[in-house]
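If you want the building blocks of each chain, they are given just below.
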There are 2 protein chains.
Amino acid sequence: MSKSSAITYSIGELAKEFDITTRSIRFYEDQQLIHPTRKGQTRIYNQRDKVRLKLILRGKRLGFSLAETGRLFELYDADKSSATQLNTIMELIAQKKSDLSQQLEDIKAVLIELTGLEANCKEALAQIEK
Amino acid sequence: MSKSSAITYSIGELAKEFDITTRSIRFYEDQQLIHPTRKGQTRIYNQRDKVRLKLILRGKRLGFSLAETGRLFELYDADKSSATQLNTIMELIAQKKSDLSQQLEDIKAVLIELTGLEANCKEALAQIEK
DNA sequence: CATGAAGTTTACGTAAACGTAAACTTTTTT
DNA sequence: AAAAAAGTTTACGTTTACGTAAACTTCATG
């Protein structure tokens, strides 16, 4: 059972939806992060491409380079039939998880500091307005 | 009451401690993020400079540009005597907090996905080894 | 049918964050 | 004092992630 006539998107639709330029989308393709099909010259994006775009943008917000995001995609797509392969993958996952946990801590710390600074400002403001 | 003979550091010490190059440290100075004093030609870093370096590196881990980190420093140093100034600062803080909260969510999402993928791999491995 | 909107390729430009190197001075160590 | 280690300035090079532009094709439509 295969799906027929699935939902597709044009480059312009995606650009608008994600608020990025078409140039960016083509660039991601150039970097092998997405692989739209073609209808003649025109690029046709499917659901999978759209999801990947979303992941790319989330990666960007986290400071991932496109290459890094690409490596994550590889992890998802990787051939899971070899035990040594699997172990390699799991090491990479563990490393990424560790990095992200560090980031999580960093963010929490900054949030705390900013909240402190905010309180500080509020106080100063109260003083001025008294 | 002022402190005398405070602890200072050489550029090499800091480079080693933070595992970055001296080039980077000079670059941060060039970008006005730190302001070491001089003893003749040689740069002398104090405790404050060291803390800032740490903050710069944490910012980098969070994907902050140097300019952004610089703006955060300005928030800390800002003149808190003007009410309009204070309000501007608090807006910036609120914006940053909002951005960071988004990042926090992003990270949590990726961590969950990675954990899922990890479980997925473990299962595949178990299958192979049976 | 022409015209405007959307798409395409090709290619050069740019900003950020350093790397690398040259050429020199200062400081420390032997 | 000679050599090694650490520091300095100046300047060009590099990578990443697109921006911008030119010049062209395809498609919808008034």
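Just so you know, these numbers come straight off a predicted model, no measurement behind them.

Calculation criteria
- Sequence order sets the numbering: in each chain, residues are counted from 1 along the sequence as written.
- Working convention: letters from A go to chains and numbers from 1 go to ligands, in the order in which they are written.
- Selection of residues for local features in this predicted model requires a pLDDT of at least 70, selection of side-chain atom pairs for listing and counting requires 80 or more, and totals for whole chains, interfaces and linings are taken over all residues.
- Each side-chain value is worked out from all heavy atoms of the structure, with water and hydrogens disregarded.
- We call a residue near a molecule or strand when any one of its heavy atoms sits within 4 Å of it.
- Here a polar contact is recorded for every N or O atom pair within 3.5 Å, except that within protein the pair must consist of a potential hydrogen donor and a potential acceptor, and residues adjacent in sequence are included only if both atoms are side-chain atoms.
- Helix and strand assignments come from DSSP, with helices taken as H or I runs of at least 4 residues and strands as E runs of at least 2, each series counted from the N terminus.
- Basically, the charged four are Asp, Glu, Lys and Arg, the nonpolar ten are Ala, Val, Leu, Ile, Met, Phe, Trp, Tyr, Cys and Pro, and anything else, Gly included, counts as polar.
- The angle between two axes is taken between their N-to-C directions and runs from 0 to 180 degrees, where each axis is a line fitted to C-alpha atoms and a helix contributes only its stretch in contact.
- Roughly parallel means an angle under 35 degrees; roughly antiparallel means over 145; roughly perpendicular covers 65 to 115; every other angle is labelled oblique.
- Each crossing gets its hand from how the near helix is turned against the far one by less than a right angle, where anticlockwise is left-handed and clockwise is right-handed.
- Pairs of residues are marked as contacts when any of their non-hydrogen atoms sit within 4.5 Å.
- Throughout this description, the term nonpolar core refers to a set of buried Ala, Val, Leu, Ile, Met, Phe, Trp, Tyr and Cys residues connected via side-chain atoms within 4.5 Å.
- For every residue, the accessible area obtained with a 1.4 Å probe (protein chains only) is divided by the maximum for its type, and the residue is called buried under 20%, exposed over 50%, and partly exposed between those limits.
- When DSSP finds at least two bridges between two strands, those strands are taken to pair.

Further remarks concern the protein's contact with DNA strand D. Among the 17 residues in the neighbourhood of DNA strand D, the closest are listed as Thr21, Tyr28 and Leu66 of chain A together with Arg26 and Arg43 of chain B. The protein-proximal atoms of DNA strand D, defined as those within 4 Å of the protein, are 70% sugar or phosphate. Arg23 of chain A has a polar side-chain atom sitting 3.0 Å from a base oxygen of DNA strand D. In this structure, Ser10 of chain B approaches DNA strand D through a side-chain N or O atom, which is 3.1 Å from a phosphate oxygen. For the surface near DNA strand D, the secondary structure elements donating two or more residues are α2 (22–30) of chain A together with α1 (11–18), α2 (22–30) and β3 (42–46) of chain B. It is α2 of chain A that contributes the most residues to the surface near DNA strand D, four residues altogether. The class makeup of the residues in the surface near DNA strand D is four nonpolar, seven polar and six charged.

Once that is clear, we can look at the packing of helix α3 (residues 47–61) of chain A against helix α5 (residues 83–129) of chain B. Running from N to C, α3 of chain A and α5 of chain B cross one another at 125 degrees; their axes reach a closest spacing of 9 Å. Comparing their axes, α5 of chain B and α3 of chain A come out oblique. Remark: the crossing between α3 of chain A and α5 of chain B carries left-handed chirality. Packed against α3 of chain A, whose contacting residues are Leu55, Arg58 and Arg61 of chain A, the element α5 of chain B presents Gln102, Gln103, Asp106, Ala109, Val110 and Glu113 of chain B at the interface.

In this structure, Ile93, Leu100 and Ile107 of chain A together with Ile93, Leu100 and Ile107 of chain B are the most contacted members of the largest nonpolar core, which totals 37 residues. Mapped by element, the contributors of at least two residues to this core are α4 (66–77) and α5 (83–129) of chain A together with α4 (66–77) and α5 of chain B. Grouped together as the second largest cluster of nonpolar side chains are 16 residues, Ala15, Leu33, Tyr45 and Ile56 of chain A included.

Two pairing modes exist for strands in a sheet, parallel and antiparallel, and in both the strands are linked by backbone hydrogen bonds. Residue and element names in this part refer to chain B. Taken together, the three strands give an open sheet; going across it, the order is β1-β3-β2, and neighbouring strands pair in antiparallel fashion. The open sheet terminates on both sides in strands that have one partner only, identified here as β1 (8–9) and β2 (37–39). Helix α3 (residues 47–61) contacts β1 and β3 of the sheet and is inclined by roughly 80 degrees relative to β3.

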